[in-house]
Amino acid sequence: MELNLIQRKKRLRAQIPDIEKTLEIVEHMLQKKEEFNTHFLLSDQVHAVAKVPPTEKVFLWLGANTMLEYSIDEAVTLLTKNLNTAVVNAGQLDEDLEYLSNQITTMEVNMARVYNWDFKRRKAAAEKK
């Protein structure tokens, strides 16, 4: 369970910078209604230069082999919502991990107490014999 939460947290922490970068680019496109040059990643260590013409539409990669076209305003709204949700979920995962850690510690302490109680009980029983 702890490993699952840690993996989810790691995935979310990796998604947040990606969402922030995408949001920054879309907001830049919203503010500047002119052509601009940019570098984009083709594959590992391979970048290309592209001229981006002024546009009112953007395509957002949603994952699971899904890409959708949005107006720039809709894209900003969606990305802002996704960023806020990711930040809230990351915070919730931190709380869940802390709670789980406390529960694990409590369980270990209780197991030690039961072991010590049983050890003392057996020792007293052995001394009576």
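Predicted model, so just to flag it, every value in this text is computed and none were measured.

## A look at the overall build of the protein chain
Next, step 1: Per the secondary structure count, the protein chain includes two helices and four strands.
Next, step 2: When the helices and strands of the protein chain are read in sequence order from the N terminus, they spell out α-β-β-β-β-α.
Next, step 3: In terms of C-alpha radius of gyration, the protein chain reaches 27 Å, well past the compact-globule figure of 14 Å for 129 residues.
Next, step 4: Counting only C-alpha atoms, the protein chain reaches 95 × 30 × 20 Å along its principal axes.
Next, step 5: The 129 residues of the protein chain split such that 21% are buried.
Next, step 6: Working note: accessible area of the protein chain is about 10,500 Å², and carbon and sulfur atoms make up 55% of it.
Next, step 7: Averaging the positions of the 18 positive and the 19 negative side-chain charges in the protein chain gives two centres separated by 15 Å.

## Details of the pairing of strand 2 (residues 46-52)
Next, step 1: Sheet topology note: the strand 1 (residues 36-43)/strand 2 ladder contains seven bridges and is antiparallel. Along strand 2, the bridge assignment pairs Phe40 with Ala48.
Next, step 2: The turn joining strand 1 and strand 2, which pair antiparallel and follow one another in sequence, is formed by two residues; a positive phi near 65° is taken by Gln45.

## As for the packing of helix 1 (residues 2-31) against helix 2 (residues 72-128)
Next, step 1: At a closest axis distance of 8 Å, the pairing of helix 1 and helix 2 adopts a crossing angle of 160°. Taken together, the axes of helix 1 and helix 2 lie roughly antiparallel to each other. Crossing handedness for the pair helix 1 and helix 2: left-handed.
Next, step 2: Taken together, the residues of the contact of helix 1 with helix 2 sort by class into 21 nonpolar, four polar and nine charged.

## Observations concerning the environment of Met111
Next, step 1: Following the sequence through the fold, Met111 ends up in helix 2.
Next, step 2: Judged by relative accessible area, which is 52%, Met111 ranks as exposed.
Next, step 3: Separated by 48 residues in the primary sequence, Met111 and Gly63 have C-alpha atoms spaced 44 Å apart.

## Comments concerning helix 1
Next, step 1: Here helix 1 is 30 residues long and its end C-alpha atoms lie 43 Å apart, about the 44 Å a rise of 1.5 Å per residue gives.
Next, step 2: If you check which residues of helix 1 are buried, you get Leu5, Leu12, Ile16, Ile19, Leu23, Val26 and Met29.
Next, step 3: Residues of helix 1 that are buried in the fold lie against strand 1, strand 2, strand 3 (57-63) and helix 2.

## What about the nonpolar core?
Next, step 1: Counting 23 residues, the largest nonpolar core has Val26, Met29, Leu60, Ile72, Ala75 and Leu79 as the members making the most contacts within it.
Next, step 2: At the level of elements, helix 1, strand 3 and helix 2 are the ones that each hand at least two residues to this core.
Next, step 3: The element that contributes the greatest number of residues to this core is helix 2, accounting for eleven residues.
Next, step 4: Every residue in contact with Val26, bar those within four places of it in the chain, is listed here: Ile72, Ala75, Val76 and Leu79.

The rules we used
Residues numbered from 1 in each chain as written. Predicted model: local features only at pLDDT ≥ 70, side-chain atom pairs only at ≥ 80, totals over all residues. Heavy atoms only, no water. Helix = DSSP H or I, 4+ residues; strand = E, 2+ residues; numbered from the N terminus. Rg over C-alpha atoms; globule rule 2.2 N^0.38 Å. Buried < 20%, exposed > 50% of the residue type's maximum accessible area, 1.4 Å probe, protein only. Areas by Shrake-Rupley, 256 points an atom, 1.4 Å probe, with all protein chains shown as cover. Lys, Arg positive; Asp, Glu negative; His and termini not counted. Charge placed at Lys NZ, Arg CZ, Asp CG, Glu CD. Pairing = 2+ DSSP bridges. Axes fitted to C-alpha atoms, helices over the stretch in contact; angles between N-to-C directions. Parallel < 35°, antiparallel > 145°, perpendicular 65-115°, else oblique. Left-handed = near helix turned anticlockwise from the far one by under 90°. Nonpolar A, V, L, I, M, F, W, Y, C, P; charged D, E, K, R; others polar. Expected span 1.5 Å × (residues − 1). Contact = heavy atoms within 4.5 Å. Core = buried A, V, L, I, M, F, W, Y, C linked by side-chain atoms within 4.5 Å.

That is the geometry; function is a separate question.
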